[in-house]
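One-letter residues, chain by chain:
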Amino acid sequence: MELISKSPDGPIETRWERHRFHLKLVNPANKRKYTILVVGTGLAGGSAAASLGELGYNVECFCFQDSPRRAHSIAAQGGINAAKNYHNDGDSIYRLFYDTVKGGDFRARESNVYRLAQVSVNIIDQCVSQGVPFAREYSGYLDNRSFGGAQVSRTFYARGQTGQQLLLGAYQALERQIGAGQVRMHPRTEMLDLVVIDGRARGIVTRDLKTGKIETHLGDAVVLGTGGYGNVFYLSTNAKGSNATAIWRAHKRGALFANPCFTQIHPTCIPVSGDYQSKLTLMSESLRNDGRVWVPRQAGDKRAPESIPEAERDYYLERKYPSFGNLVPRDVASRNAKSVCDEGRGVGETKLAVYLDFRDAIQRLGAHTIKERYGNLFDMYERITGEDPYKVPMRIYPAIHYTMGGLWVDYNLMSTIPGLYVIGEANFSDHGANRLGASALMQGLGDGYFVLPNTIGDYLASNKFEKIDSSHAAVRDAEAGVNGTIKKLLSAKGTRSVDSYHRELGKIMWDHCGMARNAGGLKEALALIPKLREQYWRDVKVLGGGEELNQSLEKAGRVADFFELAELMCLDALERNESCGGHFREEYQTPDGEAARDDEHYSHAAAWEFKGVGTPPALHKEPLNFEYVHPTQRSYK
């Protein structure tokens, strides 16, 4: 299978504008003839559904939550990047492009990244027009703060609730289209399969989570904005409902899955507190603007942090990376936290934590200023840990957060299945091997508001669509497959809960395909996962029935998909014999412990083709060419 990216050539500054001009358009009067199915209502899906409805298309929108505004995008805290250069500190579209390609360790497609930097400035204007309450300076101008991987202040924010406020803006736009009749909303509805007819995506099979009813919804194109797959690790910063089922079922229908091993470890999370913890809580990276990261200089130092004098503290990020200090990218900060803890210098009861200390910032700026900037984050930390971060340092440790891998898409955001578009975190396109902080919200809204509404029209205008209904053989086949899977799960009648299997799978993944990987551990995981998956289907216990509200059944199907995805992630990590970004193979590192890329052999996106459960997938490679940001050894020193 040849991967055709459809990336334009010519000067990178004008590629998107020229590409848009050459896309075919749908006459405004003809848009009402087309139906587009949008799965997911986070920043990517919600903004896409609202924009497509505004353009005049008929949109069917689906989410498994009880309301579109409960999508996981609401949990994002720290901010959204945009190259506005309001601080006059040297930022530009090109610098945001450069920082993003470099931050992703040169494993992203240049054309996509530059377009993302271009539309970033439009996103802020769009959101301000919607009433998103971004923080402002005393003069009234929008405020910015710094984030990891950049030496300029380009991150717009709304205290520690940026995702919530941006989602409410998209939600209002979506509700307007629902009220106008352009968008029909299907809450509490989960996509369980993709309907492919004559090689094109023409619909989805869903389950009503309240009644258990299996239904098929048909249209002319399908858009997946269903987020990432970090919950394959069980413990992550994702909402418990976040899953990979939509993109995985699409993958099994023919959509290639790209770079599945590229998972991001966030350095600023509240540490694990017990064996039966169900999820982890993120502390925004924005805290590293004013908080200083440190550990005791001596291993085994059990003194309270306030009792450790300055001379006996190691501010290791400031020491090792003087140019960026505590604002190094997430992958660098995470590996260094693991390293000092491995040396025995970790803090807290488990010794798997480092300090994030605001003492100096409070002395310099005053507690009132710190409260204005981070008050709700400090309150959340105190509620969870019982410790007051105004008085004692926060304890943080890296955790699974974001996934850079996802379904492969071309420049138009279309997967290898014609008519199937993938946006936001569900695709692989813009972040390479490591996402810079505050860029997830940027990509989601950029895809939904500005990219997809332009590119999807070209597909619709270029093809003729035969009318189909639920009697079609492909529809019956997809529905039968969904019903068969549900029946198989309910008939297992085993002895172990879904969560117990999920937790065991997550531990395998964290130990062998987590913050650090090596060939031996990945091979061990590839031996353990199939055995555990086989046991799962034989001995899982799913309570209740299929024709009712049944959260046990919901989780069972999602975990079944995680087993298959986990195997692909380990295979991809084993095949990529280099370290880059969040993919850190211990065998491939520089003398000072940094990631060592192999550009000669691995400057490509690895896109995997499904060949059947238990059958090795086929690997296809999209070469990555760098005309503007030439690959070099990343340095933040």
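You'll find the structure just up there.
Residues numbered from 1 in each chain as written. Predicted model: local features only at pLDDT ≥ 70, side-chain atom pairs only at ≥ 80, totals over all residues. Heavy atoms only, no water.

Enquirer: Is there a simple way to explain the packing of aromatic side chains in this structure?
Expert: Both the distance between ring centres and the angle between the ring planes are used here to describe each pair of aromatic rings. In total, this model carries 24 aromatic pairs according to the counting rule given. Ring centres 4.7 Å apart and planes at 45° place the aromatic pair Trp294 and Tyr355 in the tilted group. Highlighted residues: Trp294 in strand β12 (residues 292–296) and Tyr355 in strand β14 (residues 354–357), separated in sequence by 61 residues. Of the two residues examined, Trp294 and Tyr355, each falls in the buried class. Three or more aromatic residues link up through ring pairs in this structure, and these residues are Tyr34, Tyr421, Tyr459 and Phe465. The ring of Tyr636 is capped by Lys102, whose NZ or CZ atom sits 4.5 Å from the centre of that ring. (Phe/Tyr/Trp six-rings, centres within 6.5 Å; stacked < 30°, edge-to-face > 60°. Helix = DSSP H or I, 4+ residues; strand = E, 2+ residues; numbered from the N terminus. Buried < 20%, exposed > 50% of the residue type's maximum accessible area, 1.4 Å probe, protein only. Lys NZ or Arg CZ within 6 Å of the ring centre and 35° of its normal.)

Enquirer: Quick question: what am I supposed to make of the sheet that holds strand β6 (residues 189–197) here?
Expert: Strands pair in a sheet through their backbones, by hydrogen bonds, and they do so in one of two ways: parallel or antiparallel. In space, the three strands of this open sheet follow the order β6-β7-β8, with antiparallel pairing throughout. Sheet topology places β6 and β8 (214–218) at the edges, where each strand pairs with a single neighbour. Shown here is a sheet whose adjacent strand axes are inclined to one another by a mean of 30°, direction ignored. With eight bridges connecting them, β6 and strand β7 (residues 200–208) associate as antiparallel partners. Counterpart to Val196 in the pairing with β7 is Ala201. (Pairing = 2+ DSSP bridges. Axes fitted to C-alpha atoms, helices over the stretch in contact; angles between N-to-C directions.)

Enquirer: Please explain the pairing of β7 as it appears in this structure.
Expert: The side chains of a regular strand alternate, residue by residue, between the two faces of the sheet. Burial within β7 is extensive, with eight of its nine residues counted as buried. Hairpin geometry of β6 and β7 is characterised by an intervening segment of two residues between the two adjacent antiparallel strands and by a positive phi of about 55° at Asp198. Two successive antiparallel strands, β7 and β8, enclose a turn made up of five residues, where Gly212 displays a positive phi of approximately 85°.

Enquirer: Which parts of the structure should I look at to understand the nonpolar core?
Expert: Taken as a class, soluble globular proteins show a tendency for nonpolar side chains to be buried jointly. Ranked by internal contacts, the top residues of the largest apolar core, which has 177 residues, are Ile80, Leu224, Leu420 and Tyr536. Examining the composition of this core, we find that 12 residues originate from one element, helix α15 (residues 551–575), more than from any other. For Tyr536, the residues in contact, after removing those within four places along its chain, are Leu489, Val498, Tyr501, Ala556, Val559, Ala560 and Phe563. Judged by nonpolar contacts, the second largest core, of six residues, contains Trp294, Ile308, Val347 and Tyr355. (Core = buried A, V, L, I, M, F, W, Y, C linked by side-chain atoms within 4.5 Å. Contact = heavy atoms within 4.5 Å.)

Enquirer: When you look at helix α11 (residues 440–462) in this model, what are you seeing that I'm missing?
Expert: Side chains that are three or four residues apart share a direction in an α-helix, a result of its 3.6 residues per turn. In this model, α11 (23 residues) spans 31 Å end to end at C-alpha, consistent with the 33 Å of a helix rising 1.5 Å per residue. A bend of about 50° at Val451 is the largest found in α11, and the proline Pro453 appears one to four places after it. Within α11, 19 of the 23 residues are buried, leaving the element largely enclosed by the surrounding structure. (Expected span 1.5 Å × (residues − 1). Bend = angle between axes of the 7 residues up to and from the residue.)

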